[in-house]
Structures are given as structure tokens and as C-alpha cells.
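# Structural overview for review
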Amino acid sequence: MNNFSFSQSSLQDFVDCPKRFELRYLLKIRWPGFITDEPEEVRRSFILGNRFHLLCHQFFTGLPVDTITQAIDDEALLEWWNNFLAWGQEALGEGQYLPEITLHTHLAGRQVVAKFDLLQVHGTGIRIYDWKTSPTRHARSWLEKKIQTTLYPLVLCLAGQNLSGDPTLHSPENIEMVYWFAYHPQNPEILSYSRYQFDEDRQYIEELINQISNIPRGNFEMTEDQRHCRFCTYRSFCDRHPDPVLTGLDEENSFETALENLAAAFENQLDEIPETWQNP
Ligand code: SF4
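Report follows, based on the coordinates. Remember, predicted model here, so these are calculated numbers, not experimental data. (Residues numbered from 1 in each chain as written. Predicted model: local features only at pLDDT ≥ 70, side-chain atom pairs only at ≥ 80, totals over all residues.)

## Points about the site of the ligand
Rules: Using a C-beta atom placed from the backbone, a residue is described as near a molecule or strand when that atom lies within 6 Å of it. Strands here mean DSSP runs of E at least two residues long; helices mean DSSP runs of H or I at least four residues long; both are numbered from the N terminus.
What surrounds the ligand is a group of 13 residues, the closest being Cys17, Met222, Cys229, Cys232 and Cys238. Of all the secondary-structure elements, those providing two or more residues to the shell around the ligand are helix H2 (18-26) and helix H9 (235-238). Broken down by element, the residue count for the shell around the ligand peaks at three residues, all from H2.

Right, dumping it as C-alpha cells:
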């Protein structure tokens, strides 16, 4: 058993491009080149997004709203923050709020981790909140395909037994996930969960982990879908220069994809990746 923890970022990387997974998590090649399209806009949004997450963390750990608000020195960030406060006043009800909480479990014999923006333990269940700060209000169908949507409720069901004194609260039927959009505050996406979905998700994630574990190093393929290359930090490494017309097909979501790439690369720089990966 090695110490590598699969996360939504690493699994999403594999789904998008197996080679990216290998470069980032196995070979540990970090940030080999620059992305030439819209780097400043994306990077600024990435930094602001992180700052917004910090504001929410401070809010849910009890820092006074005025103190938080007075420290905001960016117009866009202040707008998101005011959006959040206006929405939260109506939408956030009673319960125990657990910001920036990490849960660990095992799937297919491997460690799996989920880092939640916020969990709300309320009277009849547990709600997962995730803050999205990209300009796009993603469609439900897009969100449903993301590994995050699959993995987070699954990990909560498997590892949430100590979050409350009631052992039924983390059952699939008592869990829901809320994506909240800073640019579209009154239109969050709420996804309910079920035992059927739990079984499906568990099987899918376990198959994915087994698939990854059985690929020998050096055999992780580059994606054939070059839309994934557009904002990938490994573009120069892979010598991939996707046609803008082709990538334009996915324009609606490319900004979020770019943010995810930056977040994954940044997260991987921070995380200590163990040397004990045991791929054949
Ligand atoms: S540039 Fe394209 S092929 Fe290379 S790792 Fe990134 S997504 Fe994969």
C-alpha cells in the first residue's frame, strides 16, 4: 500500500488526459511552460478565487463580517463577497458549519481524499457547498460529469461518520451538493444524492483507480481531444498547439478548465508527493 492519495484533481486530470496525470503526479514535472492564451485574466481570477475561499473560511469560523469586508481591496472580490452575504442571509439556515474540511477514505485499496469548501450538518442530513468563481454559470449536465460531483458525496458517505452524533446523516439519501456561483449568486445548482447514485459512483471511481494503477509508467497516453490542451500547463512539453477553432467549441467552459488546471498544478506543488508510488 503506498501513500498516494487520489483527489478529484488527480482523477479529473486522468479522465481529461492520462499523460497529464503521469506528468503531474508520477513524474512530478511542474509547470514546464507558459500558457499564451489569456494568462493574466486566468491567473488573476485564480488568485481572486483563492482569496474568496479564504473570506468564506473566515466567515464560517466566526470572524465578524465587518472585519472581513474592511480588508477587501478588490472591486470584483467585493462584489462576490456582497453577493455571498446577500445570498447567505436567505439560503444558509441552521446547522453546524464546517469550512475547509478534508475527509479521507479508501477505494480500490487506495487512499482517496476530498477537500470540501464547506459542509453543513443540519437536522436531517449533510449539505456540501462548493464555491465557483469563474464567470460561467455551468449547466447541470456539465457539473454532473465532473469528478468532483462524483467523488465528494461518495467520500462523505464513506468517511462522514464522525461529523455528527447521528449515524444516519451521512447516508446517501440525506446528502446533497450545492454549487454556488459568485457571478450568479441567486442561481445555485443543487444536486441530490441517492443509494443508487452512491453504488454507481463507487463502482466508477474504483474502476478508474484500478485502471490508473495498472498502467505502467511511460504508457499513459496523450488525450486525443486537444480541447484539453488549450490551457494545460504542459502544452509546450507535449508540443500541443490546438487549433483555436477546435478549442472554441468548448469556449463556454474553457475558463473554468484553465482555472482547474492552475489549481491542480498549484495544489500539486504544495502537496508532498510520496516516492512510493507502486505502478508496475
Ligand atoms: S498538453 Fe494536452 S496532451 Fe499534453 S498533458 Fe496537457 S492535455 Fe495532455
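Continuing now.
## Considering the pairing of strand E5 (residues 175-181)
Here is the rule: Exposure criterion: with C-beta atoms placed from backbone coordinates, a residue whose C-beta has 20 or more other C-beta atoms within 10 Å is buried, one with 12 or fewer is exposed, and one in between is partly exposed. The criterion for strand pairing is that DSSP finds at least two bridges linking the strands in question.
For E5, a buried count of five out of seven residues is recorded, marking the element as mostly surrounded by other parts of the structure. Sheet topology places strand E4 (residues 125-132) next to E5; seven bridges connect them, and they run parallel. The partner of tyrosine 129 across the bridge, within E5, is valine 178.

## Topic: H2
Counting buried residues in H2 gives seven out of nine residues, a clear majority hidden from the surface. Of all the residues in H2, the buried ones are Lys19, Arg20, Phe21, Glu22, Leu23, Arg24 and Tyr25. Looking one or two places after H2, you find lysine 28, whose phi comes out positive at around 60°.

## Considerations on the packing of helix H1 (residues 8-16) against H2
Each pair of packed helices can be summarised by the angle the axes make with each other and by the distance between the axes. The line we're drawing: Each axis is a line fitted through C-alpha atoms, and for a helix only the stretch in contact is used; angles between axes span 0 to 180 degrees, taken between their N-to-C directions. In what follows, roughly perpendicular refers to angles from 65 to 115 degrees, roughly parallel to angles under 35, roughly antiparallel to angles over 145, and oblique to any angle outside these ranges. Distance between backbone-placed C-beta atoms decides contact: two residues are in contact if it is within 7 Å. Polarity classes work like this: nonpolar for Ala, Val, Leu, Ile, Met, Phe, Trp, Tyr, Cys and Pro, charged for Asp, Glu, Lys and Arg, and polar for all others, with Gly in that last group.
Relative to each other, H1 and H2 sit at 140°, their axes nearing to 5 Å. On the basis of the axis angle, H1 is oblique to H2. From H1, Ser10, Asp13, Phe14 and Asp16 reach across to H2, where they touch Pro18, Arg20, Phe21, Arg24 and Tyr25. Taken together, the residues that form the contact of H1 with H2 break down as four nonpolar, one polar and four charged.

## Quick word on the nonpolar core
Soluble globular proteins: nonpolar side chains tend toward being buried together. Threshold: Joined through C-beta atoms within 7 Å, a set of buried Ala, Val, Leu, Ile, Met, Phe, Trp, Tyr and Cys residues constitutes a nonpolar core.
Residues Cys56, Ile128, Leu151, Tyr152, Val155 and Leu156 are the most contacted members of the largest nonpolar core, which totals 38 residues. Not counting chain neighbours up to four residues away, the residues in contact with cysteine 56 comprise Phe84, Pro99, Asp117, Leu118 and Trp131. Ranked by size, the runner-up nonpolar core spans five residues in total, among them Leu23, Cys229, Cys232 and Tyr234.

## Quick look at the pairing of strand E6 (residues 184-192)
Relative to E6, E5 runs antiparallel, the two being bridged by five bridges. Bridge pairing links tyrosine 179 to glutamate 189 in E6. If you look at the hairpin formed by E5 and E6, you'll find two residues sitting between the two strands.

## Here we look at H1
For H1, the buried fraction is high: eight of the nine residues fall into the buried class. Gln8, Ser9, Ser10, Leu11, Gln12, Asp13, Phe14 and Asp16 are the residues of H1 that are buried.

## Observations concerning unusual backbone geometry
Even without being a glycine, glutamate 100 presents a positive backbone phi close to 50°. Looking at the element boundaries, glutamate 100 is found in strand E2 (residues 96-107). Phi is positive for alanine 108, close to 50°, though the residue is something other than glycine. By the C-beta count within 10 Å, which is 16 here, alanine 108 ends up partly exposed.

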